[in-house]
Amino acid sequence: MGKVAVVGHLCVDVRPELSRPPTLEPGTLRQVGPVTIALGGAVANTGRVLAVLGAAVVGWAAVGSDDLGDIVRRHLATVPGFEFRPQTVPVGSSYTIVLESPQVDRAFWHYPGSNAALELAAVALDGVDLLHFGYPSLMPGVCADGGAALVDLFGRARGAGIATSLDLAWVDPQSQAGPVDWPSFLERILPSTDILCPSYDDLACIYDLPETFEVGAATELVEQLLGLGAGIVMVTAGAEGIVLGAGDGSRLAPLAGCGLRPGDWAGCRLHVPARVPSRLSTTTGAGDAATAGLIAGLRAGLGPRAAAEMAAEVAAAVIEQGGTEAFAGPG
């Protein structure tokens, strides 16, 4: 099989250990625990998990020529099966402060930095059979012109017989992504997107949906996205599991070159429960891990239910093992 190219968002995650939710009160000091420095974003998370699962991965992202950029290069150099092709740009490397308190959902303070300068036209696809792109809403350059550069990249991939995959991220209304017409963006990109794998929260902010997940509403959303042209849609919802749907056999034909059997997947509609982790270490990166599990599953020739169960299993393993950098394999 060919390589998987994982392109897009990459940052350094700074995660202080918190025993309670943080407060921002002027003039106060609050003690926190030790800090973990790891990589985040689709390139690091999905790419690393795919490599651990046995894929040959080529990662494309922009980093600065600064200390954070050195951390990125050093971390990715240790991943067997992962070839990193950085674009070094004259912008500070991207980072995220991850605030994750016990029994409280995560919050993120994010600096886009170098991600704004990634040149998609420079991404080479030689030897690749599947292209995965992550987080356009966190990349101002990709948001520009209604996502024209990403549409062009996906068109170039499809023209070369390469399957395409897209992951989304939450849209911050106060960021440069806020004014983007995201429903129109999806209408443009989905006809050339073979796999779409967002979380329910990602879609809820785009389509102004209720925050509370409901299987029926998520299934309707999958139908809508398939109707816009996507080949396979996997919507993840944390503890609520995964909702999966696929188009007909002719729409799935581009995925046959990377292992999928269109006849096994055509027309499927599934709700697969989450696998409950035996312990909660961190949920950061679990959605990216589910994406990697799905891609690895279909590349291995698994049917839709088995591939979705693999996605749930890999996500749970990442939660148990302490994140994508600690992931050593499912089970």
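Rules used in this analysis
- Residues numbered from 1 in each chain as written.
- Predicted model: local features only at pLDDT ≥ 70, side-chain atom pairs only at ≥ 80, totals over all residues.
- Heavy atoms only, no water.
- Pairing = 2+ DSSP bridges.
- Helix = DSSP H or I, 4+ residues; strand = E, 2+ residues; numbered from the N terminus.
- Contact = heavy atoms within 4.5 Å.
- Axes fitted to C-alpha atoms, helices over the stretch in contact; angles between N-to-C directions.
- Buried < 20%, exposed > 50% of the residue type's maximum accessible area, 1.4 Å probe, protein only.
- Right-handed = clockwise from strand over helix to strand, strands pointing away.
- Phe/Tyr/Trp six-rings, centres within 6.5 Å; stacked < 30°, edge-to-face > 60°.
- Expected span 1.5 Å × (residues − 1).
- Core = buried A, V, L, I, M, F, W, Y, C linked by side-chain atoms within 4.5 Å.
- Arc of directions from axis to C-beta.
- Polar contact = N/O pair within 3.5 Å; in protein donor to acceptor, adjacent residues only side chain to side chain.

Student: Where do I start with the sheet that holds strand β10 (residues 195-196) in this structure?
Tutor: By way of backbone hydrogen bonds, the strands of a sheet pair with one another, either parallel or antiparallel. Strand order across the open sheet formed by nine strands is β5-β4-β1-β8-β9-β10-β11-β12-β13, with mixed pairing between neighbours. In the strand order of this sheet, the two ends are held by β5 (82-89) and β13 (269-272), each with one partner. Relative to the sheet, helix α7 (residues 215-227) contacts β10, β11 (232-236), β12 (242-246) and β13, its axis offset from that of β12 by approximately 30 degrees. Strands in contact with helix α10 (residues 286-299) are β1 (3-8), β8 (128-134), β9 (163-167), β10, β11 and β12; relative to β8, the strand with the most contacts, it is inclined by about 165 degrees.

Student: Quick question: what am I supposed to make of the pairing of strand β4 (residues 57-64) here?
Tutor: Every other side chain in a regular strand lies on the same face of the sheet, so the side chains alternate between the two faces. With eight of eight residues buried, β4 is to be regarded as a mostly interior element. Burial along β4 is two-sided: Val57, Gly59, Ala61 and Val63 and Val58, Trp60, Ala62 and Gly64, pointing in opposite directions, are all buried. Relative to β4, β1 is paired through four bridges, and the arrangement is parallel. Residue pairing in the sheet places Val4 in a bridge with Val57 of β4. In terms of handedness, the path from β4 via helix α2 (residues 67-76) over to β5 forms a crossover that is right-handed.

Student: Quick question: what am I supposed to make of the packing of aromatic side chains here?
Tutor: This structure, assessed with the given rule, holds three aromatic pairs. An angle of 65 degrees between the planes, with centres 4.8 Å apart, marks the rings of Trp182 and Phe185 as edge-to-face. Residue Trp182 and its partner Phe185 are located together in helix α5 (residues 182-189), separated by three residues, close to a single helical turn. Here the aromatic rings of Tyr200 and Phe213 are separated by 5.4 Å at their centres, their planes lie at 90 degrees, and the arrangement is edge-to-face.

Student: How should I be thinking about helix α11 (residues 304-321) in this particular structure?
Tutor: Count 3.6 residues to each turn of an α-helix, and residues three or four apart come out pointing the same way. End to end, α11 covers 26 Å across 18 residues, agreeing with the expected 26 Å (1.5 Å per residue, within 8%). Residues of α11 that are buried: Pro304, Ala307, Ala308, Ala311, Ala312, Val314, Ala315, Ala316, Ala317, Val318, Ile319 and Glu320. The secondary structure elements touched by the buried residues of α11 are α1 (42-52), β11, β12, α9 (262-265), β13 and α10. Directly beyond the C-terminal end of α11, a positive phi value near 105 degrees is found at Gly322.

Student: When you look at the nonpolar core in this model, what are you seeing that I'm missing?
Tutor: A general trend in soluble globular proteins is that nonpolar side chains are found buried together. Within the largest apolar cluster, 55 residues are counted, with the highest numbers of intra-cluster contacts made by Leu10, Leu50, Leu244 and Trp265. Here the element with the most residues in this core is α11; it accounts for nine residues. Among all residues touching Leu244, those that are not within four sequence positions of it are Val222, Ile232, Val233, Met234, Trp265, Cys268, Arg269, Leu270, Leu294, Pro304 and Ala308. Membership of the second largest hydrophobic core comes to 49 residues, among which are Met139, Ala157, Leu166 and Leu203.

Student: It is not clear to me how α7 should be interpreted in this structure. Could you clarify?
Tutor: Between its first and last C-alpha atoms α7 spans 18 Å; for 13 residues at 1.5 Å apiece the expected length is 18 Å, and the two agree. Along α7, the positions that sit buried rather than exposed are Ala218, Leu221, Val222, Leu225 and Leu226. Projection of α7 onto a plane perpendicular to its axis shows the buried side chains occupying an angular sector of 135 degrees, all on one side. Seen from the open side of α7, the exposed residues pointing more than 90 degrees away from its buried face are Glu220 and Gly227. In this structure, the buried residues of α7 make contact with α5, β10, α6 (200-207), β11, β12 and β13. N-capping of α7 is provided by Glu214, with a side-chain oxygen placed 2.9 Å from the backbone N of Gly216.

Student: Please explain the sheet that holds strand β2 (residues 11-16) as it appears in this structure.
Tutor: Spatially, β3-β2-β6-β7 is the arrangement adopted by the four strands of the open sheet, whose pairing is mixed. Of all strands in the sheet, those bounded by a partner on one side alone are β3 (35-40) and β7 (107-111). Averaged over neighbouring strand pairs, the angle between their axes works out to 20 degrees when direction is ignored. Across three bridges, β2 lies against strand β6 (residues 95-99) in parallel orientation. Its bridge partner lying in β6, Val14 is registered against Ile97. Sitting on the sheet, α2 is in contact with β2, β3 and β6, with an inclination near 75 degrees to β3.

Student: Even after reading the chapter, I still don't get the environment of Ala326, so can you show me in this structure?
Tutor: Its location among the elements puts Ala326 in the segment after α11. According to the relative accessible area criterion, Ala326 is partly exposed, its value standing at 38%. Distance in space between the C-alpha atoms of Ala326 and Ala38 is 9.7 Å, their sequence separation being 288 residues.

Student: I keep staring at the environment of Ala312 and nothing clicks. Help me out?
Tutor: In this fold, Ala312 is placed in helix α11. When the C-alpha positions of Ala312 and Pro273 are compared, they lie 7.8 Å apart, and in sequence the two are 39 residues distant. Residue contacts for Ala312: discarding those within four places in its chain leaves Ile242, Pro273 and Arg275.

Student: Explanation requested: the side chain of His9 in the structure shown.
Tutor: Assignment of secondary structure puts His9 in the loop between β1 and β2. Here His9 falls in the buried class, since its relative accessible area comes to 2%. With residues near it in sequence (within four places) discarded, His9 still touches Gly40, Gly41, Ala42, Val43, Ser94, His110, Asn115, Gly134, Tyr135, Leu138 and Met139.

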